[in-house]
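Single-letter residue listing:
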Amino acid sequence: DAGVIQSPRHEVTEMGQEVTLRCKPISGHNSLFWYRQTMMRGLELLIYFNNNVPIDDSGMPEDRFSAKMPNASFSTLKIQPSEPRDSAVYFCASTLRGGQETQYFGPGTRLLVL
Amino acid sequence: AQSVTQLDSHVSVSEGTPVLLRCNYSSSYSPSLFWYVQHPNKGLQLLLKYTSAATLVKGINGFEAEFKKSETSFHLTKPSAHMSDAAEYFCVVSMTGGGNKLTFGTGTQLKVEL
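Conventions we followed
Residues numbered from 1 in each chain as written. Chains lettered and ligands numbered in written order. Predicted model: local features only at pLDDT ≥ 70, side-chain atom pairs only at ≥ 80, totals over all residues. Heavy atoms only, no water. Phe/Tyr/Trp six-rings, centres within 6.5 Å; stacked < 30°, edge-to-face > 60°. Helix = DSSP H or I, 4+ residues; strand = E, 2+ residues; numbered from the N terminus. Buried < 20%, exposed > 50% of the residue type's maximum accessible area, 1.4 Å probe, protein only. Polar contact = N/O pair within 3.5 Å; in protein donor to acceptor, adjacent residues only side chain to side chain. Contact = heavy atoms within 4.5 Å. Pairing = 2+ DSSP bridges. Axes fitted to C-alpha atoms, helices over the stretch in contact; angles between N-to-C directions.

Caption draft 1: Structural context of the packing of aromatic side chains. In this structure the tally under the stated criterion is 14 aromatic pairs over all chains. Geometrically, the ring pair formed by Tyr50 of chain B and Phe67 of chain B is stacked, given 4.1 Å between the ring centres and 15° between the ring planes. One end of the pair, Tyr50 of chain B, is in strand β6 (residues 44-50); the other, Phe67 of chain B, is in strand β8 (residues 64-68), with 17 residues separating them in the sequence. Side by side, Tyr50 of chain B and Phe67 of chain B carry an identical accessibility label, which is buried. Where Phe90 of chain B meets Phe104 of chain B, the ring centres are 6.3 Å apart and the plane angle is 80°; that geometry is what we call edge-to-face. Placement of Phe90 of chain B in strand β10 (residues 87-95) and of Phe104 of chain B in strand β11 (residues 102-104) is noted, with a sequence separation of 14 residues between them. Since its relative accessible area comes to 2%, Phe90 of chain B is described here as buried. Through successive ring pairs, a cluster of aromatic residues spans Phe33, Tyr35, Tyr48, Phe91 and Phe105 of chain A together with Phe34, Tyr36, Phe90 and Phe104 of chain B.

Structure representation (structure tokens):
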């Protein structure tokens, strides 16, 4: 299995631009999570989906952030407009079923907003 | 509510000596507990997990952890450190019925010296 795939791996953009991060979960997994990691705040859960439906988006910082999961094999996290404080590493993770199943993490997207 | 506290932000050991990374948790229900490792510029990898089976859990790369309910602890140990163990380690708690939502500790940076 290829594992969780994220693209791009690195993104450098200017303040005000739209940024779209992409994630392909492990085939057969039905839960998907978006996390943000910064030095100041550590790892934060932004949003998670079960069976393509957003379950908890309480971690989404503000309206500039949005996430979609149009099908079981693809999700996007969009920031519009981007700001320098959005600079972070964004991780996607997926898991099989629910409960306490192991979450498998992608390699992350390192975002720098200038 | 659930939370996890990693008692040391940095731990330094000599190669060949034991490793102890401390973690205490707080959970209203039966928790599942995990240790993840993150090498520089990489995603998170599962080391081991506890899900109410045996209290001593063995993981990859010679790591193990013991769940102690009376002490609300889940410390990570390894008998002999290797240079390749240098990384950041995260203790994570997931609450039964919590919808697979993970709560991460702040991380412990492990340094291994010759």
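Next comes the rest of the description.
Caption draft 2: Inspection of the side chain of Glu44 of chain A at higher detail. Residue and element names in this part refer to chain A. Relative to the helices and strands, Glu44 resides in strand β5 (residues 42-50). A polar side-chain atom of Glu44 sits 2.7 Å from a polar atom in the side chain of Arg41. Dropping the residues within four chain positions of it, Glu44 is found in contact with Trp34, Tyr35 and Arg36.

Caption draft 3: Expanded view of the sheet that holds strand β8 (residues 74-79) of chain A. All names here are of chain A. Strands sit in the order β1-β3-β8-β7 across an open sheet of 4 strands; the sheet is antiparallel. Strands with a single pairing partner mark the edges of an open sheet, and in this sheet they are β1 (5-7) and β7 (65-71). Averaged over all neighbouring strand pairs, the angle between strand axes comes to 15°, with direction disregarded.

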